[in-house]
Amino acid sequence: MAKQRSNRDAYTGRGGQMAAQAELLMRHLNVAVPEIDEGEDVFAFRTGIGEVVRIQVKTANASPLKEAGRYVGRVSVPLEQLLASSREELYYVFAIRRDESWADFVIISRQELILLYQDEGVGHPNQRAGELQLHLSFGPTTLTCGGVGLQAYRNAWQQLPLLRQPPLQAAPDVAGAADEGPPASAAPSSG
C-alpha cells in the first residue's frame, strides 16, 4: 500500500511540475528541468536575458470544505531549504488540483515565506519530518494559511521577476527590408 501511495504521489508531483511549466510557457518564459534535483524543479528564463528564476514546485490535491466553493490544499516545504542562507533567490509554486483540473497556483518567494513563517506564524513546523507544513484554505476570493491572508500570492505569476518586465521586442526583419529596396531618402540623385 505504501508503494502504491508513493507512486501516486510521484504522478501527482510530476503533474504539478508540468502544469507549472505550462503556465510559465504561456507567459512567454522558457523552462528547463535540471538533470539533478537539488531542490529546484524548474529553471525559468527568457532568451536574451541572463536572469534565471529558480522554482520549487509543490503539489496538492485539494479537499472540499463544508462551505460551497471552499477547499483546502496541503503542501510541505523542507525547513532546511526554506531557511538556507543561499544568495540565490528561490520561488515556490504550490500547484493545487481540485476535482479534475488545476484550480490555483500560489507563487511566493522563499524570502517572503520565511518572513510569513517567522513574523506571522504561517505554517506548522514539523521538526521530525524536517518540514514546514502549510494548510492553504481557499475561498472564492480568499486564501489563508493559519488565519493569515495570502490572497496576494494566489495565481500571482507577476511575483516572478522575469514577469515584472515586458518581453523583448523582436528585432525588425533586416533581410526582408533589403528586398524592398533602399528608403526614398537614400535613393541616388539624378543630378
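These notes cover the structure that comes with them. (Residues numbered from 1 in each chain as written. Predicted model: local features only at pLDDT ≥ 70, side-chain atom pairs only at ≥ 80, totals over all residues. Heavy atoms only, no water.)

## Let's talk about the pattern of salt bridges
Inspection of the entire model under this criterion finds 4 salt bridges. Between E40 and R54 there is a salt bridge; the shortest N-O distance is 3.5 Å. With E40 in the loop between β1 (30-32) and β2 (42-45) and R54 in strand β3 (residues 52-61), this pair connects stretches of sequence that are 14 residues apart. The buried category is assigned to E40, whose relative accessible area is 18%. Taking the relative accessible area as the measure of exposure, R54 reaches 22% and is therefore partly exposed. With a closest N to O distance of 3.4 Å, E88 and R54 form a salt bridge. (Salt bridge = Lys/Arg side-chain N within 4 Å of Asp/Glu carboxyl O. Helix = DSSP H or I, 4+ residues; strand = E, 2+ residues; numbered from the N terminus. Buried < 20%, exposed > 50% of the residue type's maximum accessible area, 1.4 Å probe, protein only.)

## Brief notes about the side chain of T59
Here T59 is to be found in strand β3. Under the relative-accessibility criterion, T59 is labelled buried at 19%.

## Some details on unusual backbone geometry
Both trends apply: most residues other than glycine have a negative phi, and most peptide bonds are in trans. Even without glycine at this site, D99 takes up a positive phi of about 60 degrees. On the secondary structure map, D99 appears in the loop between β6 (90-98) and β7 (101-109).

## Considering helix α3 (residues 110-120)
Along α3, the positions that sit buried rather than exposed are R110, L113, I114, L116 and Y117. For α3, the angular spread of the buried residues around the axis is 165 degrees, confining them to a single face. Trailing α3 by a residue or two, G121 shows a phi angle of about 75 degrees, which is positive. (Arc of directions from axis to C-beta.)

## Some thoughts on the sheet that holds β3
Across the sheet, 5 strands lie side by side as β1-β2-β3-β6-β7; this open sheet has mixed pairing. Two strands close off the open sheet at either side, each with one partner strand: β1 and β7. Pairwise comparison of adjacent strand axes, ignoring direction, gives a mean angle of 30 degrees for this sheet. The sheet contact formed by β1 and β2 spans 3 bridges and is antiparallel. Following the sheet pairing, V31 is matched in β2 by A44. (Pairing = 2+ DSSP bridges. Axes fitted to C-alpha atoms, helices over the stretch in contact; angles between N-to-C directions.)

What is shown is where atoms sit, not what they do.
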